[in-house]
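Below, each chain spelled out in residue letters.
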Amino acid sequence: MALMVESVRVQTLSINAIRMLALDAVEQAKSGHAGMPMGMAPSAYVLWTEFLKHNPRDPHWFDRDRFVLSAGHGSMLIYALLHLSGYDLPLEELKRFRQWGSRTPGHPEYHHTVGVETTTGPLGQGISTAVGMALAEKRLAAEFNREGHTIVDHYTYVLASDGDLMEGVSSEASSLAGHLKLGKLIVLYDDNSISIDGSTDLAFTEDVLGRYRAYGWHTVGGVHGEDLEAIRRAIREAQADPRPSIISIKSIIGFGSPLAGHHKAHSDAMGPEKVAATREALGWQYAPFEIPQEVYDDYRRAIPKGEAAQAEWNRRLEAYRHAFPELAAEFHRRMAGELPNGFASSEAGWEQALPSFEPGSKLATRAASGKVLDALAPRMPELLGGSADLTPSNNTKALGMEDFSASNPTGRYIRYGVREHGMGAILNGINLHGGHRAYGGTFLVFSDYMRPAVRLAALMEVPTIFVYTHDSIALGEDGPTHQPVEHLMSLRAIPNLWVIRPADADETAMAWRMALERKNGPTALALTRQALPVFDRSKLASAEEALRGGYVLSEVEDPQALIVATGSEVSLALEAQTALAKEGLRVRVVSLPCWEAFEAQDAQYRSAVLPPHLPTVSVEAGTTLGWERYADRCIGLDRFGASAPYAVVYKELGFTPERVAEAVKSLL
């Protein structure tokens, strides 16, 4: 009996440690969100001390469970858990919460704080990204596990808020998760009935669990946020169910404080008086940031437990290596994120891997992209494709790729349905998990529907590949609702996102190479619907020059002017060059498929390709904003398009060799 009483006392102390660390950090920063950590501390305590498989001494151990704090505003919850459990996050960093240079920013950031699996804060992104992690686990388990040899076996846990579940992206991703029966995904739903404005009844009265049941999820309702045993039972029940699970936890925001249960507990420092009152209410007899040793002892049981779990996994992995040496070698390569041996280790390797195209033939770059994938997929089993219900248009399904489904988890192609935003977040989750290189396709104009996920990929430096086809007004008859105008520049405005708009099939192959060699950020491929000529490279620069982002495609002796273009307009530039040559004018043509890669070159190379003294005309079927950095005159589109056959649209909107030639002559 005495041991039970002592155990309850320590548990209560450990739970309150989370609450007080959150409260003290927010008070010291005079900024932050302590309410959620205070309400969900018991659930987090049970999950982290009794269920979560992790090793604080090796945060990147592959077979760890993933924990995603989707309600990223409550970041002090995960910082407290990481610190108390023994991760490399000293108490001093918690004291520097939300300060310049600290490892405890206002919202959790991947790569920035050890133990943070994904950047969260924009609500809905965390739970949606977690769907991708659970999908990756399911597929890798099906691909690599063998009878008696299980090397992939872990859960993805999410702590989500009302706000997360209001956001549309979470609906998209959750619907797909239920369809695919991602049973290793377990969501703890902080059902505290409070939002910033007040009660969730102001705007959110739906039956959330009813909605998730309709998605095909297993649901557990009515778990009191302070009932540890009920929380344990709910998690066990979720683990045993083959469907994804959501557990409604009726927590009290700001528990223990004078603002408990009130929307003002959501954010901002409570002030010294309320902090003092909370200390008294919780019986917390310690100074700010002071943690008793018995609390550390309680949480840091995770270290020997995690080390033992990892050691046991290592033994299983060694046995797997002996039983299946080739599979084991492939598993290690994939976990390391390396390209296949002999495939990309040299120029010759890439030449063998990538297809060749007939000079003078005509091929849309979306079709060329499909042929590249046909060639790469057999050599890169980690390629995991998909489309938001535009597979025939995006050309994203390589030959031989089977659909990934609940009944066929080894499939390599994901049918995302009309869920662009959900697809973007899921792609990020797959790539964050490790073991795959995931790409997904839609029309360029719909990149707006997934922009937050694209932005987070860039922020996290995740090498997601976004395939955007129908890249300009040249898609024609579908009209201005489907014709991207501002989208290329909009995407180029995102730091660390490479936007590649290839000019022909050969440049498209180089674009895929650039994307696959890139490890520290995402890539967006902008591809045409209409057929483009495949350049005769015997008369022009080699396509490999495109790897530098921009290059002199067609040179003349002692050029008088320069035309720089991207994508389908490069052919237009070459036609204008020929027309000008007949008038005795010498004009260089530069292809600039990727601004970001070009800007990464040294200044000497950039000025050699685009000499500042040469009068320059830019040509791109999109907004001219931004081209002033490279050109003296810009031919583009600062209006919306129109519905008509694409050749007519191009002519009527001024994308003709004659107009380009006249623009060059006006500069001379």
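Per an unreviewed UniProt entry, the protein chain is named Transketolase, and its organism is Calidithermus roseus. Recorded in UniProt for the protein chain, the comment headed Subunit (unreviewed entry) runs: "Homodimer." Looking at the protein chain in UniProt, the text filed under Sequence similarities (unreviewed entry) is "Belongs to the transketolase family."

Draft legend 1. How the structure looks around the nonpolar core. Counting residues in each nonpolar core, the largest one holds 83 residues, and the members touching the most others are Leu376, Trp512, Val619 and Phe655. Broken down by element, this core gets its largest block of residues, 8 residues, from helix α20 (residues 505-517). Here this core gathers at least three residues from each of two domains, domain 2 (350-533) and domain 3 (548-666). One finds Ile15, Leu69, Ile78 and Ile291 within the second-largest nonpolar core, a separate group that totals 68 residues.

Draft legend 2. Molecular detail of the sheet that holds strand β6 (residues 218-224). Pairing is parallel in the open sheet, where 5 strands are placed in the order β1-β2-β3-β7-β6. A strand with exactly one partner marks an edge of an open sheet, and here the two such strands are β1 (66-69) and β6. Geometrically, the sheet is characterised by an average inter-axis angle of 15 degrees between neighbouring strands, direction not taken into account. Pairing geometry for β6 and strand β7 (residues 245-250), over 5 bridges, is parallel. Among the inter-strand pairings, His218 is bridged to a residue of β7, identified as Ser245. Sheet strands in contact with helix α8 (residues 208-215) are β3 (185-190), β6 and β7, and its direction is about 160 degrees off that of β6.

Draft legend 3. Structural context of the environment of Glu402. When you line up the elements, Glu402 lands in the loop between α16 (391-394) and β10 (413-415). Setting aside chain neighbours within four positions, we find Glu402 in contact with Asn408, Gly411, Arg412 and Tyr413. Among the polar contacts made by the side chain of Glu402, one reaches the side chain of Asn408 at a distance of 3.2 Å.

Draft legend 4. Looking closely at the UniProt feature "domain: Transketolase-like pyrimidine-binding" (unreviewed entry) in the protein chain. Summarizing the sequence annotation, UniProt attributes the feature "domain: Transketolase-like pyrimidine-binding" (unreviewed entry) to residues 363-534 in the numbering used throughout. Along residues 363-534 the backbone is 34% helical and 19% strand, and the end-to-end C-alpha distance reaches 7 Å.

Draft legend 5. Representation of the UniProt feature "site: Important for catalytic activity" (unreviewed entry) in the protein chain within the structure. Mapped onto the present numbering, the UniProt feature "site: Important for catalytic activity" (unreviewed entry) falls on His33 and His266. For the residues just named, distributed over 234 residues, the greatest C-alpha separation is only 5.8 Å, placing them together at one site. Note on His33: relative accessible area 15%, which makes it buried. The residues touching His33, leaving out its near neighbours within four places in the chain, are Val26, His73, Gly74, Arg98, His266 and Ser267. Separated by 3.4 Å, the side chain of His33 and the backbone oxygen of His73 make a polar contact. Excluding residues that lie within four positions of it along the chain, His266 makes contacts with His33, Ala34, Gly35, His73, Ile196 and Ile253.

Draft legend 6. Structural detail: helix α9 (residues 228-240). The end-to-end C-alpha distance of α9 is 19 Å, a good match for the 18 Å that 13 residues give at a rise of 1.5 Å each. Residues Leu228, Ala230, Ile231, Arg232, Ala234, Ile235 and Ala238 constitute the buried set of α9.

Draft legend 7. Structural detail: the pattern of salt bridges. Evaluated as defined, the whole model comprises 42 salt bridges. One salt bridge in this structure joins Glu620 and Arg492, with 2.8 Å as the shortest N-O distance. Highlighted residues: Glu620 in the loop between β19 (616-619) and β20 (633-635) and Arg492 in helix α19 (residues 487-492), separated in sequence by 128 residues. Across the pair, exposure class does not vary: Glu620 and Arg492 are buried alike. For Glu555, the salt bridge identified is with Arg588, shortest N-O distance 2.7 Å. Remark: Arg588 occurs in strand β18 (residues 587-591) and Glu555 occurs in the loop between β16 (551-554) and β17 (561-565); sequence separation between them is 33 residues. Accessibility expressed as a relative area gives 43% for Glu555, which makes it partly exposed. The buried category is assigned to Arg588, whose relative accessible area is 8%.

Calculation criteria
Residues numbered from 1 in each chain as written. Predicted model: local features only at pLDDT ≥ 70, side-chain atom pairs only at ≥ 80, totals over all residues. Heavy atoms only, no water. UniProt positions renumbered as here; feature names shortened; annotations may be inferred. Core = buried A, V, L, I, M, F, W, Y, C linked by side-chain atoms within 4.5 Å. Buried < 20%, exposed > 50% of the residue type's maximum accessible area, 1.4 Å probe, protein only. Helix = DSSP H or I, 4+ residues; strand = E, 2+ residues; numbered from the N terminus. Domains from an automatic or database assignment. Pairing = 2+ DSSP bridges. Axes fitted to C-alpha atoms, helices over the stretch in contact; angles between N-to-C directions. Contact = heavy atoms within 4.5 Å. Polar contact = N/O pair within 3.5 Å; in protein donor to acceptor, adjacent residues only side chain to side chain. Expected span 1.5 Å × (residues − 1). Salt bridge = Lys/Arg side-chain N within 4 Å of Asp/Glu carboxyl O.

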